[in-house]
Amino acid sequence: MDVESVIRKQVASGQMMQVATVDRDQPWICTVYYVPDDKLNLYWISTTDRRHSRELANHHKVAGAIPIRFSYGQPVAGVQLEGDARLISDPTEIKEAIRLYADRFKRSEEWCADFLAGKNPHKLYRIKPILFVLFDEEAFPEDTRREWRPAPYPTQ
């Protein structure tokens with residue numbers, strides 16, 4: 001089984017992830033709804049006054065965790081990651097990512113239009129992962145921990 005394919009499948013199947021940020025020497029973690037694009041960038045929306053949003057303004061390195069299967073007694077699967085997170089300001093990227101988000105979470109056309117017009121108090125954030133760590137007892141029962149690094153591309 002190909003690790004990249006399993007990671008892509010698992011990331012696509014998840015809806016919530018924990019995002020860990022840091023300010024000075026104090027870590028923080030929050031839970032957000034996310035949507036991936038075809039490059040496995042992970043997008044979520046949040047208000048700029050949230051602690052994780054404020055911390056991202058000063059420190060862009062983050063870690064994340066996506067629980068996939070987690071019922072006791074059943075094979076466990078999850079994806080952890082590290083990467084670079086930013087508030088997105090590019091209108092084209094916002095439009096594309098908000099469409100993905102709206103499709104996944106059944107948001108209306110009006111919701112999309114309001115978001116794009118700045119009428120929604122939330123802003124769009126993105127993680128560009130540099131490392132994925134897969135833990136999957138079903139796909140890889142003999143060696144459950146697998147790492148995969150996406151092809152490098154510049155961060156913004």
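Read on for a plain summary of the structure. (Residues numbered from 1 in each chain as written. Predicted model: local features only at pLDDT ≥ 70, side-chain atom pairs only at ≥ 80, totals over all residues. Heavy atoms only, no water.)

Section: the overall build of the protein
Along the backbone of the protein there are 4 helices and 8 strands. Listed N to C, the secondary structure of the protein is α-β-β-β-β-α-β-β-α-α-β-β in terms of helices and strands. For 156 residues, the compact-globule estimate of 2.2 N^0.38 gives 15 Å, and the C-alpha radius of gyration of the protein, at 16 Å, lies within 12% of that figure. Taking the principal axes of the C-alpha coordinates as reference, the protein spans close to 50 × 40 × 35 Å. Among the 156 residues that make up the protein, the fraction classed as buried is 43%. (Helix = DSSP H or I, 4+ residues; strand = E, 2+ residues; numbered from the N terminus. Rg over C-alpha atoms; globule rule 2.2 N^0.38 Å. Buried < 20%, exposed > 50% of the residue type's maximum accessible area, 1.4 Å probe, protein only.)

Remarks on the pairing of strand β7 (residues 123–136)
Judged by how many residues are buried, β7 sits mostly within the fold: 11 of 14 residues are covered. Taken together, the 5 bridges between strand β4 (residues 42–46) and β7 define a ladder with antiparallel strand orientation. Residue Y43 lies in a different strand from β7, and its bridge partner there is R126. Pairing of β7 with strand β8 (residues 145–148), which is carried by 4 bridges, proceeds in the antiparallel orientation. If you follow V133 over to β8, its bridge partner there is E147. (Pairing = 2+ DSSP bridges.)

What to know about the nonpolar core
Formed by 27 residues in total, the largest nonpolar core has its most connected members in V11, M17, W44, I66 and I127. For this core, the elements supplying multiple residues, two or more each, are α1 (3–13), β1 (16–23), β2 (26–33), β4, β5 (61–69), β6 (77–87) and β7. Apart from the residues lying within four places of it in its own chain, the contact partners of M17 are C30, T31, V32, Y34, L42, W44, A65, I66 and I127. Core analysis: the second largest hydrophobic core is formed by 14 residues, Y43, I88, F105 and W111 among them. (Core = buried A, V, L, I, M, F, W, Y, C linked by side-chain atoms within 4.5 Å. Contact = heavy atoms within 4.5 Å.)

With respect to the packing of helix α3 (residues 91–104) against helix α4 (residues 109–116)
Closest axis-to-axis distance for the α3/α4 pair is 10 Å, and the angle between their directions is 150°. Judged by the angle between their axes, α3 and α4 are roughly antiparallel. The handedness of the crossing between α3 and α4 comes out as right-handed. Across the interface between the two elements, I94, K95, I98, R99, Y101 and A102 from α3 touch E109, W111, C112, F115 and L116 from α4. Per-class residue counts for the contact of α3 with α4 are 8 nonpolar, no polar and 3 charged. (Axes fitted to C-alpha atoms, helices over the stretch in contact; angles between N-to-C directions. Parallel < 35°, antiparallel > 145°, perpendicular 65-115°, else oblique. Left-handed = near helix turned anticlockwise from the far one by under 90°. Nonpolar A, V, L, I, M, F, W, Y, C, P; charged D, E, K, R; others polar.)

Quick look at the pattern of salt bridges
Applying the stated criterion across every chain yields a total of 12 salt bridges. A salt bridge links K61 to D84; its shortest N-O distance comes to 3.9 Å. Taken as a pair, K61 in strand β5 and D84 in strand β6 lie far apart in primary sequence, 23 residues in all. Looking at D84, the relative accessible area reads 3%, which means it is buried. Within this structure, K61, D84 and R86 form a network of salt bridges that share partners. (Salt bridge = Lys/Arg side-chain N within 4 Å of Asp/Glu carboxyl O.)

Examining the packing of aromatic side chains
To describe a pair of aromatic rings, one takes the distance between the centres and the angle between the planes. Enumeration according to the criterion identifies 6 aromatic pairs in this entry. A centroid spacing of 4.8 Å and a plane angle of 55° characterise the contact between Y101 and F105, whose relative ring orientation is tilted. Grouping residues by exposure puts Y101 and F105 together as buried. Ring centres of Y101 and W111 lie 5.9 Å apart, and the angle between their planes is 20°; on these two criteria the pair is classed as stacked. Linking Y101 in helix α3 with W111 in helix α4, this pair joins segments that are 10 residues apart in sequence. Like W111, Y101 is buried. These aromatic residues form a ring-pair network of at least three members: Y33, Y101, F105, W111 and F115. (Phe/Tyr/Trp six-rings, centres within 6.5 Å; stacked < 30°, edge-to-face > 60°.)

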